[in-house]
Each structure stands twice: as structure tokens, then as C-alpha cells.
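# A look at the structure
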Amino acid sequence: MSRQNFDPLALIPTIDDDDENDVPDLDGSGDEDEDEMIEKPRAHKLAQATKGKSIDFNEQFQFLLDDPDEKKILNDNDDQLKSRGQLSTIDEKIAQIRNRRQKKNKSEVEDEQSSTNNLEDESYEMEIEHESITDKMKIKETKKKKSSKNKKQDEFFEESPPFNPDQVFSEMKISRPLLKALSAIGLHSPTPIQAATVPIALLGRDLCACAVTGSGKTIAFALPILERLLYKPHQTAPCTRVLILAPTRELCVQIHQVFRQLTQFTHNINMCLSTGGLDLKSQEAALRLQPDIVVATPGRLIDHIHNSPSFTLQNIEILVLDEADRMLDEYYFEQMKEVITNCSRTRQTMLFSATMTDQIKDLIQVSLNRPIRLFIDDNQSVAPYLRQEFIRIREHREGDREAITAALLIRTFHDRVIVFAQTKRQCHRMHVMLGLLGLKIGELHGDLSQTQRLDTLKRFKNEEIDILIATDLAARGLDIENVKTVINFILPNTLKHYIHRVGRTARAGKTGRSISLVGENERHLLKDVLKTCKVPAKMRIIPQEIIQIFRNKLEELEPDIEEIFKMEYGEKMIQSCETQLDKAEKHLKQNKTNDTNPKREWFQTRNERLQEQEKLRLDPYNSTKKKLSKEEREQIQKNKSIPKTADDRVKFEMQKVERFQTRQIEKKTSKRSRESSSFENDLTKEKPQRRSKSAPPIKKSKR
Ligand SMILES: Nc1ncnc2c1ncn2[C@@H]1O[C@H](COP(=O)(O)OP(=O)(O)OP(=O)(O)O)[C@@H](O)[C@H]1O
């Protein structure tokens, strides 16, 4: 095919055979993955680990290798699990089954002629064996966007002044302890977003910043915040002056770490990490000390606003929304409204994301004060040194995806890989499946405890794990050094999701590669992605015989996969009984002593909360409504049944994407939702501003 005639969407055939796997899957549901919308107050296992140890969780907690407190938290958690009858971890189960298989294979090996069927040392042998058969690469031409439209300048924004891209940190207005810290972590000159942001943010201006993934946006807001706190210490009693909100707990932990690194040579700045999944009581104690900076997920923050008596946002001088477009989407809509109405109106507000959208403008118009628009890159750009590849999945061959993913990981991309799947169920399955093939795997999604989530991330960072299988929980903001490859098992919901997922590699000026498996149903998104490519994307073709070898291999593993799921199921049952027993004991004890915990308040009534959950629910059949039609009940049953084949499993993944996309389309066309997505209406009902006696007088004009 000549390059001139090459149609970017004319995908190249890769697969010919029609075999089907018959694969039972015993795993759970495929619910929403990202940080829970509403973080319910609950006692956490970590409470025991930190009780009586530290009133400021943040000062103790580190996400670093050698943090003794973190180790203790994780170890204590392990002990708890063991004492609760958990017999082994998933990796121990995989190792157990692999050992058994290896012993069996050893005795059979002399009789076997074909090395492709022998999994004794599969990754190594396969790599050598298939070295001669290489994947073909074809250049996919990018259709250049013909957009010479003169975009109307939004009257609302103020133009950003020019910045000097060649300056070094020492030439900026930054105090010595911060310069020393930057130097200690090896940073000398600012990235463009940092050079542009710092001077404007230091003036106290509101801003709306957009720059590609991995371009250093965290330090771009951290530096002016810290500079202000150092330069302008609080006048009266200590109070919380800075609030940073991010959508996931892991991202908050990371932001908190960056602030800690930058404050290593300062002594008078206190911080508190306040996210769901971590111990509530120690957070309350830390907040009582009025830390200067709070890094939080919205749900837990609101919990503290309502239930931690001395904690208030009245004195907030700077509010940062990291991943701002996510923070302002419908999932966080009600919570953000609550946070914003509780914040001081005189604050400086800074929004950061690699994908700013029109939706944000709605909020900007009501909550920002003459914001400066700092768009270093357009909001659909991927990192400059990212190589984007696509693998075509032909119609009726969706079941090849697992084999192709296994082939990629065993033959070519051995380490520092993140594989994104759509559902928790598929993440877990791939963990088991690839683990049985001898790969070092970890999984990251919302079905794990917070301790497990942080532990998996730590192990991936420390290179104890080569491959991380994750849902979109890991798509935004996470900065993991030297991730070489991102694989999309299926394309995500939207272009925005895609940009964030592939943004986990090629960060901070480094190179990286993304490989996305694309089926017929995903062509429309592929088209959108290709339109934004500045460098031609590549089409990777995996030889059909390779796919077949891996399909056979996975089929062989099915009984082992099923056995592991059964073991897990048994253990889950035991654990669930133990938990219920614990609850009953606790209840009895409380009744005896009349020692009941006060009920925690939430800003919505139970009904409002249920209504909101209902509105956001992607699966219309998985409803909390009491009365369901016969058809709906049947659909629930169908959804609960476990996909039996590789094709079914992909279908299940696809359904989730489709439901999201359908809702997006409905939302766009619905007048009602347009009205409800405007903060303007809601903020007119804003609560009267409460101000404490100690709060400084309002100097700025009213918003
Ligand atoms: N001035 C700098 N020079 C070199 N590296 C830097 C600089 N500033 C930040 N970095 C590094 O760049 C990496 C990415 O930074 P950061 O996580 O803040 O990116 P981001 O723009 O927020 O990405 P995302 O959009 O994915 O959240 C980090 O590892 C950070 O240490």
C-alpha cells in the first residue's frame, strides 16, 4: 500500500483463525474504579497501626522505600489479615500453582517434542523462539486538523504575560530554602509551565493552567504556594491557608510527598494529608493543629468540614484543583460545590490539568477572579516524546486481546509497563493469568484496600514488580519514574482518558511508548486520537502464529486460573464471616457500655445521596431502586453471570465504555444537564460566608 493512499483508519489484518477459548471467570463485578465519589466515614484497619503514635499522620507517613512507619502500617495490616484467616496472597497462590505445574512439566519434558507447549521457562524460551518472527510496523499517517478558525478570545480570561523560558530557578523570586530543596532533588531550571506559572501565582492571581502530562505542574503550583507561606507567615493564630484537591488518594499522597521534598530545608510549614482510606482519627488530630497546607480528596475533606469541630476552610488563601477538569466533572459536582461554598471568597484559585475542557469554563466564570489563561499546550496534546502504536483487533476476534497482551509482555515489553483495563475484574484476571506465565505482576484498582494499593505502587516504583495492571484509577497524575510502556487492553472512554493513560510514560522529557489494542467498535476514538497526533502513529502487527501460540498457552492455563479463583472465593467467604462476627461482637460491646460513636454528618441527606448515586450510575440495571421490572431483574442476573469466554470478557469491558459514552452523548444533548452543569445557579444559593474572629479582613474585591 503506498503511503499516499494509506487510510489512517484502514486497519491492517492481523488475525485469521477462528478458535474460541472457553474460559470460566469467577471474579467479581466491574464497578466504577476511581476514588469513590462519596467517602463514607468508617473505621479503618490503619487506625490500630497508628493509634497513639502520631497526631500528624503526614509527618509520619512516607511513600518512600525506607519509611519505618509506613512499613509498620503495612506489616500490621498483613498481621491483621493473617490472623483473620487469609491463607496466602494472590502471588503466593500463583507461585504454588506454578511450582506444581513445573514439577509436572519436568516429568513430561522428555516426551514432549514441541517447546512451544512447554511452559517450564516460558518467557525466556518464547523470547528466543520467536525472535526470528518480528512484529511488522507500518506508519500511520496523521490527518492534519484543518482548523484555521479564529477562535474567539474568551472575554473572561486575561492574557498571560510572556515568560522567559531560559531562566533558571535561582533567577526567579524564590527563597533560599526552596532553591536548596530544588537543587537537592536535582532540579535547576523550570519547565515552561513552571516558568509561566510561578511569577503570576506569586502575584496572587487566579489562573487556569494547561500543559501536557509529565511537564511538572505539581512543582508549578507548589513553589508559589510555599514561597507565599515562607514570605508571608500567618499574622495571628495558626490556620489552614492552603487547600489542594486531587481526585485520587494516590495522587494526593504523591503531591504531599513533593511538598515534603520541597520543604526539607524549611521548619515552619506544616502539612496534612487528608484522603479516604487512611486513618480518620489521626487525620482529625492533625487537622486540630491547623496545618498550613491540606492535601485532600473531596469526600474526606467534606467529612472533616462537618465532623472535625475545629477544622474550617474560612481562612483558605489558596485553593488548587489538580486534575481540575476531573474535579469539576459530574462525579465531583456536588462535592466541589460544597467545598467551594465553604472556602473563603478572598482566596486565590489555581486550576491545573493536561486536559482543560469547556466544562471548566462554567466554573471559572463564577469562582475565578479575572483568571489568567496559561495554556502551554493545547488540551489534547500528548507528551512530546511519546511514540503511539496501535494493534488492530478484527471483528469477531475480540477474544485475541488477552493473547496479544501476553505476547507483547513476554516477547517484547518486559518491564516498567502499565497495562490499563477497564474493569477491576479484568485487572485481577490478568494479574493471575500473567502471573501464571511467570511475569512479575501487580494490580491497582478500587477493590483493594488502601494499604494494598499503596503497597502495590511502592513495589512497582521499587521495580519489585515489572508490570502493573490498573484501571483508570492510575490514569491521572501518577508520576512513576521510568515507565517505558503503557498498554491499553481496550481504548478508554474518551480521548481525555486516553491522554492521561498514555501520559504515565514519556514524562519529564523522557521517551516512552503506548500500545493500544483497537477493535472495530473503537474506530471513532482511534480517529480522534490520530487527529491529535503530531508525530505519525504506528501500526503494530503481531504475526498470527504468535497469537495462536499464546491463545493455546492461555487455554492451557484455564484450569489453574479457575483453581486460584476458587481458593480466593473460599478465603473471601471465611473473611466475610469473620468480619460479621467482629461487627456483632463490637455491637454487643457497645450496647453493654452504651459507648456508641456519634453519628457522622454529611452535607447531603441520605435521600439526596442515593439520588445522586442513581444519577451517576453507569449500569442502569445495577440500581438501588427498590421496584424493578422483570426485564431489569433479568438483566441484573445476566450481569452477575461470569463471562465464560475471552470474547465475553472483552464484551463486558466494552459495555462499560459504551455506557459511559452513551451517557456523555445524552448529557451533551440534554438541556437539563446543561443547566445543571452550571455552577452559576448553584452558587447563587451559596451559604452566607462564616468568618471566624481571627480571620484576616477581606482585602480583595468580592467575587
Ligand atoms: N524543572 C524540572 N526539571 C526537570 N524535571 C522536573 C522539573 N519539574 C518537575 N520535574 C519532574 O517531572 C515529573 C513530572 O512532574 P509532575 O508529576 O508534576 O507532572 P504533571 O504535569 O503534573 O503530570 P500529569 O499531568 O500527569 O499530572 C516529575 O518526576 C518531576 O520530578
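For the structure, see preceding data.
Source: prediction; values computed, not measured.

All right, on to the sheet that holds strand E5 (residues 271-274) then. In spatial order, the strands read E2-E9-E3-E8-E7-E4-E6-E5; together these eight strands make up an open sheet with parallel pairing. Of all the strands in the sheet, just strand E2 (158-159) and E5 have a single pairing partner and so form its edges. Where strand E7 (residues 318-322) and strand E8 (residues 348-353) come together, five bridges link them in parallel fashion. Each residue of the ladder has a partner; that of Asp322, found in E8, is Phe352. In this fold helix H8 (residues 217-231) packs onto strand E4 (242-245), strand E6 (293-296), E7 and E8, with an angle of close to 160 degrees to the strand it touches most, E8.

Right, let's talk about the site of the ligand for a bit. Surveying the vicinity of the ligand reveals 19 residues, the closest of which are Gln194, Lys217, Thr218, Asp479 and Arg507. Within the contact set of the ligand, an oxygen atom lies 2.9 Å away from a side-chain nitrogen or oxygen of Arg504. Between an oxygen atom of the ligand and a side-chain N or O atom of Arg507, the distance comes to 2.8 Å. In isolation the ligand has 640 Å² of accessible area, and contact with the protein removes 82% of it. Residue classes in the shell around the ligand are distributed as five nonpolar, nine polar and five charged.

The subject of this paragraph is the pattern of salt bridges. Opposite charge on two side chains allows them to pair when their charged atoms are near. Counting across every chain of the model gives 39 salt bridges. Glu284 is the salt-bridge partner of Arg600, the closest N and O atoms lying 2.9 Å from each other. Placement of Arg600 in the loop between helix H20 (544-593) and helix H21 (606-616) and of Glu284 in helix H10 (residues 280-288) is noted, with a sequence separation of 316 residues between them. Close ionic contact of Glu323 with Arg476 constitutes a salt bridge, the shortest N to O distance being 2.8 Å. With Glu323 in the loop between E7 and helix H12 (324-327) and Arg476 in the loop between strand E13 (467-470) and strand E14 (485-488), this pair connects stretches of sequence that are 153 residues apart. A relative accessible area of 11% means that Arg476 is categorised as buried. A single network of salt bridges, built from pairs that share partners, joins Arg100, Arg101, Glu556, Asp560 and Glu563.

Cut-offs and rules
Residues numbered from 1 in each chain as written. Predicted model: local features only at pLDDT ≥ 70, side-chain atom pairs only at ≥ 80, totals over all residues. Heavy atoms only, no water. Pairing = 2+ DSSP bridges. Helix = DSSP H or I, 4+ residues; strand = E, 2+ residues; numbered from the N terminus. Contact = heavy atoms within 4.5 Å. Axes fitted to C-alpha atoms, helices over the stretch in contact; angles between N-to-C directions. Near = heavy atom within 4 Å. Polar contact = N/O pair within 3.5 Å; in protein donor to acceptor, adjacent residues only side chain to side chain. Areas by Shrake-Rupley, 256 points an atom, 1.4 Å probe, with all protein chains shown as cover. Nonpolar A, V, L, I, M, F, W, Y, C, P; charged D, E, K, R; others polar. Salt bridge = Lys/Arg side-chain N within 4 Å of Asp/Glu carboxyl O. Buried < 20%, exposed > 50% of the residue type's maximum accessible area, 1.4 Å probe, protein only.

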